[in-house]
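# Descriptive structure summary
Residues per chain are reported as follows:
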Amino acid sequence: MLGMLRSRLETAVAKGELRASTDINGLSRFYLSVFQGMAIQARDGASQAELRAVAAAAMAAWPGDA
């Protein structure tokens, strides 16, 4: 999963969707961690609203314009 995410982010840099200075390794590990954490929280009973709040916070951390 990490490799697929890293590959997609590399493609985004190549297409100009993300800045060339984007830390691909850090960003891919961050979003994989969010994904895995949300999966664990969902399994443990987090509500849809709680998980949506996590997703919103994660997207607020998304790098700005290219």
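Here goes a summary of the coordinates provided. Since this is a predicted model, take the numbers as computed values, not measurements.

The rules behind each value
- What you see as residue numbers is a count from 1 along each chain, following the sequence as written.
- Given that the model is predicted, a residue must reach a pLDDT of at least 70 before its local features are reported, and side-chain atom pairs must reach 80 or more before they are shown or counted; all residues, however, enter totals for whole chains, interfaces and linings.
- The side-chain quantities take in all heavy atoms of the structure and omit both hydrogens and water.
- Think of it this way: any DSSP run of H or I at least four residues long counts as a helix, any run of E at least two long counts as a strand, and we number them from the N terminus.
- Working definition: with a 1.4 Å probe on protein chains only, accessible area under 20% of the residue-type maximum means buried, over 50% means exposed, and in between means partly exposed.
- Note on definitions: a residue-residue contact is assigned when non-hydrogen atoms from the two residues lie within 4.5 Å.
- To measure how exposed things are, a 1.4 Å probe is used in the Shrake-Rupley method; for residues, cover is taken only from the protein chains shown.
- Charged residues are defined here as Lys and Arg on the positive side and Asp and Glu on the negative side; His and the ends of the chain fall outside this count.
- Each charge is placed at NZ for Lys, CZ for Arg, CG for Asp and CD for Glu.
- Here a polar contact means two N or O atoms within 3.5 Å. Within protein one must be a hydrogen donor candidate and the other an acceptor candidate, and residues neighboring in sequence count only if both atoms are side-chain atoms.

### Comments concerning the overall build of the protein chain
In terms of helices and strands, the protein chain carries three helices and zero strands. Starting at the N terminus and ending at the C terminus, the protein chain contains elements arranged as α-α-α. Dimensions of the protein chain along its principal axes, counting C-alpha atoms only, are 40 × 25 × 15 Å. Considering the protein chain as a whole, with its 66 residues, one finds that 20% of them fall into the buried category. Counted over contacts in the protein chain with a minimum sequence separation of 6, partners at least 24 positions apart contribute 52%. Accessible area of the protein chain: about 4,600 Å², with a carbon and sulfur share of 58%. Averaging the locations of the 7 positively and 6 negatively charged side chains of the protein chain gives two centres separated by 4 Å.

### Some details on the side chain of T22
Along the chain, T22 turns up in the loop between α1 (2-14) and α2 (24-43). Of the polar contacts made by the side chain of T22, one reaches the backbone oxygen of R19; its length is 2.7 Å. Here T22 is in contact with V13 and L27, once residues within four sequence places are set aside.

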